[in-house]
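# Observations on the model geometry
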Amino acid sequence: MNNQLADRIQHVQERVAAACARSGRDPKEVRTIAVTKYVSLATTGQVLEAGLTHIGENRWQDAAAKWEAFGLKGTWHFIGHLQTNKVKDVIGKFAYIHSLDRLSLAKEIEKKASGLQLQVPCFIQLNVSGEESKYGLEPESLISFVREIRGMDSIRIAGLMTMAPYEAEAEETRPVFRGLREWRDRLNDAGVLDYEVSELSMGMSNDYEVAIEEGATWVRLGSILVGKE
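Each chain carries its own residue numbering, running from 1 in the written order of its sequence. The model is predicted, so local features are restricted to residues of pLDDT at least 70 and side-chain atom pairs to those at 80 or more, both for listing and for counting; the totals for chains, interfaces and linings are taken over all residues. Only hydrogens and water are removed before side-chain values are computed, so all heavy atoms of the structure are retained for them.

A few words now on the packing of aromatic side chains. Only Phe, Tyr and Trp rings take part, Trp by its six-membered ring, and two of them pair if their centres are within 6.5 Å. Stacked means planes under 30 degrees apart, edge-to-face means over 60, and tilted covers everything else. By the definition in use, this model includes five aromatic pairs. Each ring, one from Trp60 and one from Phe94, has its centre 6.2 Å from the other, and the planes form 75 degrees; the classification is edge-to-face. Residue Trp60 is found in helix H3 (residues 60-70), and its partner Phe94 is found in the loop between helix H4 (87-90) and strand S4 (96-100); the two are separated by 34 residues along the sequence. Accessibility classification places Trp60 together with Phe94 in one group, the buried group. Between Tyr96 and Phe123, the aromatic rings sit 6.4 Å apart at their centres with planes inclined by 45 degrees, giving tilted as the arrangement. Here Phe123 lies in strand S5 (residues 120-125) and Tyr96 lies in strand S4, a separation of 27 residues in the sequence. Given the relative accessible area of 0%, Phe123 is considered buried. Across the ring face of Trp67, the terminal group of Lys93 is positioned such that the distance to the ring centre comes to 5.7 Å. Think of it as a cone above the ring: NZ of Lys or CZ of Arg counts as a charge over the ring if it is within 6 Å of the ring centre and within 35 degrees of the ring normal. Taking NZ or CZ as reference, Arg186 lies 4.3 Å from the ring centre of Trp183, over its face. Counting from the N terminus, the helices are the DSSP runs of H or I reaching at least four residues and the strands are the DSSP runs of E reaching at least two. Only protein chains enter the accessibility calculation, which uses a 1.4 Å probe; a residue whose area is less than 20% of its type maximum is buried, one above 50% is exposed, and one in between is partly exposed.

Moving on, we come to the pairing of S4. Counting buried positions over the five residues of S4 gives five, a clear majority of the element. Sheet topology note: the strand S3 (residues 75-78)/S4 ladder contains two bridges and is parallel. Paired with Phe78 across the two strands is Ile97, which belongs to S4. In this description, strands pair whenever DSSP reports at least two bridges between them. Examined bridge by bridge, S4 and S5 share two bridges and lie parallel to one another. Residue pairing in the sheet places Ile97 in a bridge with Cys122 of S5. Taken together, S4, helix H5 (residues 103-115) and S5 form a β-α-β motif whose crossover is right-handed. By definition, the crossover connecting two strands over a helix is right-handed if that path, from the first strand to the second, turns clockwise as seen with the strands pointing away from the viewer.

Our next topic: the packing of helix H2 (residues 41-49) against H3. Helix axes are fitted to C-alpha atoms over the stretch in contact, other axes to C-alpha atoms as well, and angles between N-to-C directions run from 0 to 180 degrees. Interaxial distance between H2 and H3 falls to 10 Å at its minimum, and their mutual angle equals 45 degrees. In terms of their interaxial angle, H2 and H3 are classed as oblique. In the packing of H2 onto H3, the handedness of the crossing is right-handed. Two secondary-structure elements touch here, H2 through Leu41, Thr44, Gly45 and Leu48 and H3 through Ala65, Lys66, Ala69 and Phe70. Roughly parallel covers angles under 35 degrees, roughly antiparallel covers those over 145, roughly perpendicular covers 65 to 115, and oblique covers all other angles. By convention the crossing between two helices is left-handed if the near helix lies anticlockwise of the far one by an angle smaller than a right angle, and right-handed if it lies clockwise. Should any heavy atoms of two residues lie within 4.5 Å, those residues are considered in contact.

Nine residue types can take part in a nonpolar core, namely buried Ala, Val, Leu, Ile, Met, Phe, Trp, Tyr and Cys, and a core is a set of them joined through side-chain atoms within 4.5 Å. Ranked by size, the top nonpolar core spans 65 residues in total, and within it Ile97, Leu100, Ile109, Ile124 and Leu225 carry the most contacts. For this core, the element with the most residues is helix H1 (residues 3-23), which contributes six residues. Ignoring anything within four residues of it in the chain, the contact list for Ile97 reads Phe78, Leu82, Val90, Ile91, Ile109, Val120, Pro121, Cys122 and Phe123.

Geometric descriptors of this kind do not, in isolation, establish any biological role.
The following block contains the structure:
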């Protein structure tokens, strides 16, 4: 492992621990996804060797070579917008999908996963900020959407995911992350599912500390953790 990577990992671990301390949380509750979309095959290998085994990629076209080289060495998370025609490439390779945002995608995941006799943990992506440039369900449609897909046995709703706007001051993102947590709690209170949804995938390099303070269980870190090439 090169020294720069080691330093970045230590820096992030310290900041995660501090954010947990501020919010009375156990750092073990927060897991880090190393987002490798902007780094090379070689760097991705170094990231895995450094013990960062949860790997996040946004596009199958960019991830394919990395998965072929290192697929069995890590746990892979598909964190970008997933086109329906790319589901066949992702199912069976990526352990988690963080961007379930429409019924047509759910049906395709169910079809492909069922054929492979898999159950895929999926995060439902909500557009909490309301930005037109962001993907995701409108939060108000969450519970009705879950009612539509709850009979799909090959999909397990692991949690909710969102992306906050980029803000110069990370504190400005707090309402978005708090909103996602509140929607998760509303979903659980509604009793739509026969299990509790616990996970929150939220927070990136610019705002992950605020996300942790608001309950993130997965943070998706690229440049601050693995660098950028």
